[in-house]
Amino acid sequence: MTDGGDAAAEGGQGDKPAGSARRRGRPARAAEPGPGARERILAAARTEFAERGYDRTSIRGIAKAAGVDAALVHHYFGTKEQVFGAAIELSFAPALTMPETLAGGGADVGERMARFMFGVWENPVTRQPLLAIMRSALTNDTAAAVLRGLVARRMLQRVAGELTVPDPEFRAQLAAGHLIGIAVLRYVIKMDPLASAEVEEIIAMVAPALQRYLTQP
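Residues numbered from 1 in each chain as written. Predicted model: local features only at pLDDT ≥ 70, side-chain atom pairs only at ≥ 80, totals over all residues. Heavy atoms only, no water.

Peer 1: Just to check I follow, could you spell out the overall build of the protein for this structure?
Peer 2: Along the protein, the regular secondary structure elements total twelve helices and zero strands. Start at the N end of the protein and walk to the C end: the helices and strands fall as α-α-α-α-α-α-α-α-α-α-α-α. For the protein, the residues scored as buried account for 40% of the 217 residues in total. Taking the intrachain contacts of the protein between residues at least 6 apart in sequence as the baseline, contacts between residues at least 24 apart amount to 67%. A total of about 12,300 Å² of accessible surface is found on the protein, and carbon and sulfur atoms cover 55% of it. (Helix = DSSP H or I, 4+ residues; strand = E, 2+ residues; numbered from the N terminus. Buried < 20%, exposed > 50% of the residue type's maximum accessible area, 1.4 Å probe, protein only. Contact = heavy atoms within 4.5 Å. Areas by Shrake-Rupley, 256 points an atom, 1.4 Å probe, with all protein chains shown as cover.)

Now the structure itself:
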């Protein structure tokens, strides 16, 4: 009887190893929802979009990199487009403080705008996320629309609010377009002689044009 009971016990336990193995193979629950989960997802999204671009990045890939279930990414951020928006807002944060730099206008507002933007681009820490954003926006319509909305809402509308000239939003876009065009040639395409020019030389050439956009009637 004892032998039979032992055999039955072993038989009952023999049904469990497969299930136990499957449980052991799942991601650790410690990497699931908890303190910092949202921040981990956002950090993973920034990295995934930067390394893979918008088209090749997936919610599943972001979740895997963050150590969470894909459903949690949807819970915090919604769609892939919304995740991208949150990620680039974080990456674009240094540039979004530009309106404060332009407060009060003045005879040097064009130089202040140029110096601020090139300061962001020349810093390797802030440049790399911006390069990833620009590349995604240049190759994907959805990414471009998200970036356009962010720049319009968080930067250009606020810059326009500081201007006292006719058509302030148009003027703000002209100034931004001037700087973005230079940034694409210098940092994305790396076209010489612009790519290798001294930044102070570029600022000296660009500032008067920006001043005209921002202040002249």
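Peer 1: Looking at this structure, how should I read the layout of surface pockets?
Peer 2: Gaps left between atoms show up when a probe the size of a water molecule is rolled over them. Size it by volume and the largest pocket reaches roughly 460 Å³. Lining the largest pocket are 25 residues, and of these Phe92, Met134, Leu147, Val151 and Ile180 lie nearest its centre. If you list the elements that add at least two residues to the lining of the largest pocket, you get helix 8 (109–122), helix 9 (124–139), helix 10 (141–161) and helix 11 (168–188). Residue composition of the lining of the largest pocket, grouped by class: 22 nonpolar, two polar and one charged. (1 Å grid on protein atoms, 1.4 Å probe; cavity = no way out; pocket = protein on both sides within 12 Å on 5 of 7 lines; lining within 4 Å. Points joined across faces, edges and corners; volume = space filled by probe spheres on them. Nonpolar A, V, L, I, M, F, W, Y, C, P; charged D, E, K, R; others polar.)

Peer 1: What exactly am I supposed to notice about a nonpolar patch on the surface here?
Peer 2: Taken together, the side chains of Leu185, Ile189 and Met191 define a hydrophobic patch exposed on the protein surface, amounting to about 260 Å² of accessible area. Tracing the sequence through the fold places Met191 in the loop between helix 11 and helix 12 (199–215). Judged by relative accessible area, which is 43%, Met191 ranks as partly exposed. (Patch = residues over 30% accessible without salt bridge, like charges linked within 9 Å, V, L, I, M, F, W, Y side chains within 5 Å. Salt bridge = Lys/Arg side-chain N within 4 Å of Asp/Glu carboxyl O.)

In short, geometric facts, not functional conclusions.
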